[in-house]
Amino acid sequence: MIPVATYAQAQLVSNSSSTGSTSTETPILSLAERRVLPLFGELRKSSDQIQEEIRFLSDCDQNFADRKEASQFFAARGWEYLQEGRLDTATYRFNLAYLLNDKNIDSFWGLGVICFQRNDLGNAVRMLSKGVDLEPTNVALAVDLSSVSIKQYEETADSAKLEEVHRLLEHVARLDTTYAQTFFNLAVTEYYKEEYEKAWENLHKGRVLNFSMINLPFVEQLAAKHPDPQGFFK
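Given the structure is predicted, the values throughout are model-derived calculations rather than measurements.

Calculation notes
- Residues numbered from 1 in each chain as written.
- Predicted model: local features only at pLDDT ≥ 70, side-chain atom pairs only at ≥ 80, totals over all residues.
- Heavy atoms only, no water.
- Axes fitted to C-alpha atoms, helices over the stretch in contact; angles between N-to-C directions.
- Helix = DSSP H or I, 4+ residues; strand = E, 2+ residues; numbered from the N terminus.
- Parallel < 35°, antiparallel > 145°, perpendicular 65-115°, else oblique.
- Left-handed = near helix turned anticlockwise from the far one by under 90°.
- Contact = heavy atoms within 4.5 Å.
- Nonpolar A, V, L, I, M, F, W, Y, C, P; charged D, E, K, R; others polar.
- 1 Å grid on protein atoms, 1.4 Å probe; cavity = no way out; pocket = protein on both sides within 12 Å on 5 of 7 lines; lining within 4 Å.
- Points joined across faces, edges and corners; volume = space filled by probe spheres on them.
- Expected span 1.5 Å × (residues − 1).
- Buried < 20%, exposed > 50% of the residue type's maximum accessible area, 1.4 Å probe, protein only.
- Arc of directions from axis to C-beta.
- Polar contact = N/O pair within 3.5 Å; in protein donor to acceptor, adjacent residues only side chain to side chain.

Asker: Quick question: what am I supposed to make of the packing of helix α3 (residues 67-83) against helix α5 (residues 105-117) here?
Answerer: Describing two packed helices takes the angle between their axes plus the distance from one axis to the other. Axis separation between α3 and α5 bottoms out at 10 Å; the angle between their running directions is 20 degrees. By the angle between their directions, the pair α3 and α5 is classed as roughly parallel. Helix-helix and strand crossings are classified by hand; for α3 and α5 the assignment is left-handed. Facing α3, whose interface residues are Ala75, Trp79 and Leu82, α5 presents Asp106, Trp109, Gly110, Val113, Ile114 and Gln117. Of the residues belonging to the contact of α3 with α5, the class tally is six nonpolar, two polar and one charged.

Asker: Just to check I follow, could you spell out the layout of surface pockets for this structure?
Answerer: The calculated volume of the second largest pocket comes to roughly 230 Å³. Lining the second largest pocket, in full, are Val125, Ser129, Val132, Asp133, Leu145, Ser149, Gln152, Lys161, Glu164, Val165, Arg167 and Leu168. Listed by contribution, the elements that provide at least two residues to the lining of the second largest pocket are α6 (121-134), α7 (139-156) and α8 (159-175). When residues in the lining of the second largest pocket are grouped by element, the largest group, five residues, is from α8.

Asker: What am I meant to see in α8 here?
Answerer: Residues spaced three or four apart along an α-helix point in a common direction, a consequence of the helix completing one turn every 3.6 residues. Given a rise of 1.5 Å per residue, 17 residues ought to cover 24 Å, and the 25 Å separating the end C-alpha atoms of α8 matches this to within 8%. For α8, the set of buried residues is Leu162, Val165, His166, Leu168, Leu169, Val172 and Ala173. Angularly, the buried residues of α8 cover 160 degrees about the axis, an arc narrow enough to put them on a single face. More than 90 degrees from the buried face of α8, the exposed residues found are Arg167 and Arg174. Buried residues belonging to α8 abut α7 and α9 (180-192). The N-terminus of α8 is capped by Asp158, whose side-chain oxygen sits 3.0 Å from the backbone nitrogen of Ala160.

Structure below.
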């Protein structure tokens, strides 16, 4: 990432791997290959996959109070494997959580973070957006979506997408005025919109909330375009 993108959440740290391109035709994949694709690749299920899912759901019905509890269990394992860097194993656990409860936002959140780490920005945005659609008042999730969207804008320079993420952040800022990352991300979007005074205003809002998150390279970039109106950063 270039400096202005480093306000992304700590979990959203990209690496050099990639999931590759997708095809318009339904590929023939093994069960093992499907397990490590977000939402099992969203492909038409094979008979083997259906039988495996039936057995899995039956086992969960016997070992958990209900499928929502089971879904939470597998999502928690997904986050643990994600923290360990075991992305394929984490993907499979989030997929299982989704299979058990397709309204579990942690499934989409976790898969979105994994896609981001694999530099698959399109699917990262798509997965996180599914979570935000289910829970539009989840501030942390929405801000994570904005962080990935900013990174995507830096690669595409799509002004319409930039406006979209700016609107999302303004909405989130109204929901919670205490979440510092919202204002840092707003500052970045306004930097790209060349609205430098607004960028400074939101950067200072974030600074007051959490000074430790200040990104000095971004401050230098912003100051090069427009001096700090408050004179805090010289």
